Amino acid sequence: MATATFPLTDNHIHIDELNGYGLDAVKKFKRAGGNTIFLVNKLTKDMGSSGVTLENFHRLYEKTLALGERIEELGIKVFTVLGVHPAEFHFMLEEIGRVEALQIAKDAVDLACGFIEDNKAVALGELGRPHYEVSKDVIDACHELLFYAFKKAGEIDCAVQLHTESIGESGFYEFSELAEKAGLSSNRVVKHFSPPFIEVASKTGIMPSLISKRVNILEALKEGKRFLMESDYIDDRRRSGAVVGPKSVPRVTLNLLREGFISEEDVYIIHKENIEEVYGIDIEF
Ligand SMILES: [Zn+2]
């Protein structure tokens, strides 16, 4: 079985003790050889709360950070990512209207920034716009929030994990420009659930994070190694099979290594160096 001789990093994973498998999912990741995760908070409703208030975001962040600590006790390095999921923000817009929703969401971004400044979390996210079709008004409000988050991230120099609909080349330019306009280097933007457009992403400065599916990674490798890998595992028993499982990042990586599609050096580039570069952190390996 795989040993932890390589950095193996899942750049975007959700763990949900209430609706999912919780620590058991992390144990699967570990057994497959994984050792580092970027734990992203879910939605406030996933912890059973109704109504979108700043207080609920506070609880959500605290719970996510506490969960991260328990995951670390399993011997996994955890970097926590906090923010207002676009689906959550969309729900807020419907519930309480643009003005109030924006106010609470911006305050929630500030709250996340506080945890990052205290070194409890490492990045903002996932933020952006819904992956499903929404009205122009919703998009506009999402952009206002995202611009605000980029601005705050620029001020404290942290990365932002971006959630969007599936984008093409132009999308990379759009978000890179928006970040730079807000005062955040596009080198601090991570496109979560990215298409394997490694060259374009590189040109725009954005770091693509790819779903850990063999064909997807093989496609990316044709253009280079400047990318991250993620499962986007949502840990929800009701939606199992919606994404790849918690083992996928270490499993796909180690299989590709074994078969000679990537070298040991490549593993370090993808799972350590690229991570360190975009987040401005150190992974001890
Ligand atoms: Zn996610």
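Residues numbered from 1 in each chain as written. Predicted model: local features only at pLDDT ≥ 70, side-chain atom pairs only at ≥ 80, totals over all residues. Heavy atoms only, no water.

## Considering the pairing of strand E5 (residues 159-163)
Let me state the cut-off plainly: Any residue under 20% of the maximum accessible area for its type is buried, any over 50% is exposed, and the rest in between are partly exposed; the area is computed with a 1.4 Å probe on protein chains only. For the purposes of this entry, the term helix denotes a DSSP run of H or I that reaches at least four residues, the term strand denotes a run of E that reaches at least two, and both are numbered from the N terminus. By the convention used here, strands pair only if DSSP detects at least 2 bridges between them. Viewed with both strands pointing away, a crossover whose connecting path from the first strand over the helix to the second turns clockwise is right-handed.
By the criterion of burial, E5 is predominantly enclosed, with 5 of the 5 residues buried. Of the two faces of E5, both are covered, the one formed by Ala159, Gln161 and His163 as well as the one formed by Val160 and Leu162. Examined bridge by bridge, strand E4 (residues 123-128) and E5 share 4 bridges and lie parallel to one another. Across the sheet, the residue bridging to Ala123 is Ala159, located in E5. In this fold, E4 hands off to helix H5 (residues 136-156), which returns the chain to E5; that crossover is right-handed.

## Examining the pairing of strand E7 (residues 207-211)
Strand residues, when the strand is regular, have side chains that alternate between the two faces of the sheet. Most of E7 sits inside the fold, with 5 of its 5 residues counted as buried. Bridge count for strand E6 (residues 189-191) against E7 is 2 bridges, and the pairing is parallel. Bridging from a neighbouring strand, Lys191 pairs with Pro208 of E7. With helix H7 (residues 198-204) bridging E6 and the parallel E7, this β-α-β connection has right-handed handedness. Bridge analysis of E7 against strand E8 (residues 228-230) gives 3 bridges, and the strand direction is parallel. Looking at E8, one finds that Ile211 is bridged to Glu230. Handedness of the β-α-β unit built from E7, helix H8 (residues 214-221) and E8 comes out right-handed.

## What about the layout of surface pockets?
To be explicit about the condition: With a 1 Å grid spanning the protein atoms alone, the term cavity applies to any set of points in which a 1.4 Å probe fits but cannot get out, the term pocket to an open set with protein on both sides within 12 Å along at least five of seven lines, and the term lining residue to any residue with an atom within 4 Å of a point. Grid points are joined across faces, edges and corners, and a volume is the space filled by probe spheres set on the points. Any residue that is not Ala, Val, Leu, Ile, Met, Phe, Trp, Tyr, Cys, Pro, Asp, Glu, Lys or Arg is counted as polar, Gly included; the first ten are nonpolar and the last four charged.
As a volume, the largest pocket reaches approximately 770 Å³. Examining the composition of the lining of the largest pocket, we find that 3 residues originate from one element, helix H3 (residues 86-96), more than from any other. The class makeup of the residues in the lining of the largest pocket is 11 nonpolar, 11 polar and 12 charged.

## Re the packing of aromatic side chains
Note the following rule: Each Phe, Tyr or Trp ring, with Trp reduced to its six-membered ring, pairs with another whose centre is within 6.5 Å; inter-plane angles below 30 degrees give stacked pairs, above 60 give edge-to-face pairs, and intermediate values give tilted ones. The criterion for a charge sitting over a ring is simple: Lys NZ or Arg CZ within 6 Å of the ring centre, and within 35 degrees of the ring normal.
Under the counting rule described, the total for this entry stands at 6 aromatic pairs. Between Phe38 and Tyr279, the ring centres sit 4.4 Å apart and the planes meet at 25°, which makes this aromatic pair stacked. A residue pair is termed long-range when its members are at least 10 positions apart, and Phe38 in strand E2 (residues 36-40) and Tyr279 in helix H10 (residues 264-279) qualify at 241 residues. Residues Phe38 and Tyr279 agree in their burial class; the two are buried. Judged by centre distance (6.2 Å) and plane angle (85°), the rings of Tyr61 and Phe115 are edge-to-face. With Tyr61 in helix H2 (residues 54-72) and Phe115 in helix H4 (residues 98-117), the pair connects residues that are 54 residues apart, well separated along the chain. Across the ring face of Tyr21, the terminal group of Lys28 is positioned such that the distance to the ring centre comes to 6.0 Å.

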